[in-house]
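Structural features, examined
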Amino acid sequence: MNILILGSGGREHAFAWKIAQSPLCDNLFVAPGNAGTAQVATNLSISYNNFPAIADAVRTNNIDLLIVGPEEPLVNGVVDFFQQQADLIDLPIVGPDAEGAQLEGSKDFSKQFMLRHNIPTAASKTFTADTLTEGLTYLETHSLPVVLKADGLAAGKGVIIAETLADAQAAMNDMLGGQKFGQAGSKVVVEQFLRGIELSVFVLSDGVNYKILPEAKDYKRINEGDQGLNTGGMGAVSPVVFANESFLRKVEEKVVKPTLAGLQKENIRYKGFIFIGLMKVNGEPYVIEYNARMGDPETEVVLPRIQTDFAELMLATARGELDRITVQVSAQTAVTTVVVSGGYPNEYEKGKIISDLDRLEDVTAFHAGTLANDGQVVTNGGRVLALTALANSLENAVRKSQEAARTVQFDGKHYRKDIGLDLIRYAD
Ligand code: AMP
Ligand code: GLY
């Protein structure tokens, strides 16, 4: 097969790294990719939002399978676009159509979906600009902290956890009255704050059948001890010790099955990943959010544990043949530490030379924001590298991943030194 992956982050490098190992893959392309994907695939300098250019690349390179990494093209209808091209209508694609991607693209849609199908989630109420006054009054009687979510895609910045009524009302005014979130803020979901521990479960759906992939925990804040600004993710661990067998069974029965049944009932033929963000509250799973894609950096710990041929798994997903596949998972622990540019998630400089990548031992260096420039690898984003170690114990995986983060060098380098430590100390 000739395979094309859309995206340019650590997630897409992990996809490419895994697929390049498959005997089923003849030629592998990534659009637009990064310096890491260039080591295992051919980068195409096409934006993943330029659908006609992607279709041309599919024709030119005789692509047999298309895998969509990020949420933006999915929500914008890349799958629907392909379904409208007479000559490409049968192209197998991993990724839901725009309707399915609403699970991520609209917080209100996903909330209503969970309510319709009895999926456990925080109690909530949705307000629009027209009901702003009502919303401000509603907040007066809501318990604190209270969670406010801008409806649309907001690149991880659409969720506010307000500790005071004044902050909550200011956030609602911002989202509905101002232009801060643009279209994304045309609706606000106000929801109860859940106290518990967070983890993510990943599901592959082929429209009829599903497979549950290894779970993961990510570390979202910029600094140790979960302090400071929210980021795309500073590290991840898989498996997650508090996701024991009985909890994962509950997740499958109370969340995964009703989600898949709900999609089918609503005639949404969902082919792709469903990333379920969960809060474990008193031993019970509650859905915080759905994403229509894999997580980043979660992919960088989930994929190294999957032993099944990944190209075969992706093709089966796109063709509705997941029932023929058994997903084999390694019992080892994977830990990734994300090395970021100084200043991230605020402003940061790009173009810093990355050195000592060749000194890394016993880890896989997934590139996130990198660029190959005149024979050198330079920084090209906030999150630069995800350094994944696989080991027989969580302690060893943490040690190896952290050692790698210490070893690589670039001007302004920052990383968290406590990835996975809470799980080493964790006792149920
Ligand atoms: P989201 O963009 O939906 O992933 O939300 C960002 C983060 O906000 C989540 O990862 C949680 O840590 C937190 N969060 C979202 N909803 C809730 C909730 N209902 N209760 C507690 N924390 C939440
Ligand atoms: N790491 C969180 C995400 O991919 O949304």
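**Thoughts on the site of ligand 1**
- Taken together, 15 residues are adjacent to ligand 1, and Glu 191, Leu 194, Glu 198, Lys 220 and Glu 289 come closest.
- Measuring from a nitrogen atom of ligand 1, one finds a side-chain N or O atom of Lys 149 at 3.1 Å.
- Note that an oxygen atom of ligand 1 is positioned 2.6 Å from one of the side-chain N or O atoms of Glu 198.
- Taken by itself ligand 1 offers 480 Å² of open surface, and the protein chains cover 89% of this.
- Broken down by secondary-structure element, the contributors of at least two residues to the shell around ligand 1 are β7 (146-150), β8 (159-162), β9 (187-192) and β16 (284-291).

**Digging into the pairing of strand β19 (residues 370-373)**
- Bridge count for β19 against strand β20 (residues 376-379) is 4 bridges, and the pairing is antiparallel. The residue bridging Thr 370 from the neighbouring strand is Thr 379, located in β20.
- In textbook terms, the turn of a hairpin is the stretch between consecutive antiparallel strands, and for β19 and β20 this stretch comprises 2 residues, one of which, Asp 374, has a positive phi near 55°.

**Describing the site of ligand 2**
- The immediate surroundings of ligand 2 are formed by Asp 218, Gly 232, Phe 275, Arg 293, Gly 295, Asp 296, Pro 297 and Glu 298.
- Between ligand 2 and Asp 218 there is a distance of 2.9 Å, counted from a nitrogen atom to a side-chain nitrogen or oxygen.
- At 2.9 Å from a nitrogen atom of ligand 2 is found a main-chain nitrogen or oxygen belonging to Asp 296.
- Coverage of ligand 2 by the protein amounts to 87% of the 200 Å² it exposes when considered alone.
- Along the lines of polarity and charge, the residues of the shell around ligand 2 split into 2 nonpolar, 2 polar and 4 charged.

**Thoughts on the sheet that holds strand β14 (residues 235-238)**
- One open sheet holds the 8 strands; their spatial order is β16-β15-β10-β11-β14-β17-β21-β18, and the pairing between them is antiparallel. What marks the edges here is a single partner per strand, and that holds for β16 and β18 (364-367). In this sheet, neighbouring strand axes are inclined to one another by 25° on average, regardless of whether the strands run parallel or antiparallel.
- As paired elements, strand β11 (residues 210-218) and β14 share 2 bridges and run antiparallel to each other. Bridge pairing links Lys 217 to Val 237 in β14.
- With respect to the sheet, helix α10 (residues 245-265) is in contact with β10 (197-206), β11, β15 (271-281) and β16, its orientation differing from that of β16 by roughly 45°.
- Here helix α13 (residues 394-407) sits on the sheet in contact with β14, β17 (333-340) and β21 (383-391), set at roughly 25° to β17.

**Side note on the side chain of Arg 305**
- Structurally, Arg 305 is set in the loop between α11 (299-302) and α12 (310-319).
- For the buried Arg 305, which has no salt bridge, the nearest side chain bearing the opposite charge is Glu 215, at an N-O separation of 5.1 Å.
- A distance of 2.8 Å separates a polar side-chain atom of Arg 305 from the backbone oxygen of Gln 332.
- Excluding residues that lie within four positions of it along the chain, Arg 305 makes contacts with Pro 214, Ser 238, Pro 239, Gln 328, Val 329, Ser 330, Ala 331, Gln 332, Ala 334 and Leu 390.

**What about the packing of aromatic side chains?**
- For the structure shown, the criterion picks out 10 aromatic pairs.
- The interplanar angle of 80° and the centroid separation of 6.0 Å between the aromatic rings of Phe 81 and Phe 82 together place this pair among those described as edge-to-face.
- Under the relative-accessibility criterion, Phe 82 is labelled buried at 1%.
- Here Tyr 344 and Tyr 348 contribute two aromatic rings whose centre-to-centre distance is 6.3 Å and whose plane-to-plane angle is 65°, an arrangement assigned as edge-to-face.
- Classification of Tyr 344 by relative accessible area gives buried; the value is 14%.
- Among the residues examined, Tyr 348 registers a relative accessible area of 30% and is labelled partly exposed.
- These aromatic residues form a ring-pair network of at least three members: Phe 15, Phe 273 and Phe 310.
- If you follow Arg 116 out to its NZ or CZ, it ends over the ring of Phe 109, 5.8 Å from the centre.
- Over the ring of Phe 247 we find Lys 280, and its NZ or CZ is 5.1 Å from the ring centre.

**Notes on the pattern of salt bridges**
- Here the structure, examined in full by the defined rule, presents 25 salt bridges.
- Between Arg 359 and Asp 356 there is a salt bridge, with the nearest N and O atoms lying 3.4 Å from each other.
- Taken together, the shared-partner salt bridges connect Asp 56, Arg 59 and Asp 87 into one network.

**Quick look at unusual backbone geometry**
- Between Asp 296 and Pro 297 the backbone carries a cis peptide bond, its omega angle lying at 25°.
- Mapped onto the elements, Pro 297 comes out in the loop between β16 and α11.
- For the bond running from Tyr 344 to Pro 345, omega is 10°, close enough to zero to count as cis.
- Mapped onto the fold, Pro 345 is located in the loop between β17 and β18.

Each value, and the rule that gives it
- Numbers given to residues run from 1 along each chain, matching the order in which its sequence is written.
- All chains are assigned letters beginning at A, and all ligands numbers beginning at 1, according to the order in which they are written.
- Where local features are concerned, this predicted model is filtered to residues with pLDDT of at least 70; where side-chain atom pairs are given and counted, the filter is 80 or more; whole-chain, interface and lining totals use all residues.
- Neither water nor hydrogens contribute to the side-chain values; these are computed over all heavy atoms in the structure.
- A molecule or strand has a residue near it when one of that residue's heavy atoms lies within 4 Å.
- Polar contacts, as counted here, are pairs of nitrogen or oxygen atoms within 3.5 Å of one another; within protein the pair requires one atom able to donate a hydrogen and one able to accept it, and residues that are adjacent in sequence qualify only if both atoms are side-chain atoms.
- What sets the accessible areas is the Shrake-Rupley method with a 1.4 Å probe; for residues, cover comes only from the shown protein chains.
- Segments assigned H or I by DSSP are reported as helices when at least four residues long, segments assigned E as strands when at least two residues long, and all are numbered from the N terminus.
- For two strands to be treated as a pair, DSSP must find no fewer than two bridges joining them.
- Three categories are distinguished: nonpolar for Ala, Val, Leu, Ile, Met, Phe, Trp, Tyr, Cys and Pro, charged for Asp, Glu, Lys and Arg, and polar for the others, with Gly belonging to the last.
- Only the stretch in contact is used when fitting a helix axis, every axis being a line fitted to C-alpha atoms; angles between N-to-C directions are given from 0 to 180 degrees.
- Note on definitions: a residue-residue contact is assigned when non-hydrogen atoms from the two residues lie within 4.5 Å.
- Each residue is assigned to one of three classes by its accessible area relative to the maximum for its type, calculated with a 1.4 Å probe on protein chains only: buried under 20%, partly exposed between the two thresholds, exposed over 50%.
- Under this rule, positive means Lys or Arg and negative means Asp or Glu; His and the chain ends count for nothing.
- Think of a salt bridge as a Lys or Arg side-chain nitrogen and an Asp or Glu carboxyl oxygen that are within 4 Å of each other.
- Any Phe, Tyr or Trp ring, taking Trp's six-membered ring, that has another such ring centre within 6.5 Å forms a pair; planes under 30 degrees apart are called stacked, those over 60 apart edge-to-face, and the others tilted.
- Consider the ring centre and the ring normal. A charge sits over the ring if Lys NZ or Arg CZ is within 6 Å of that centre and within 35 degrees of that normal.

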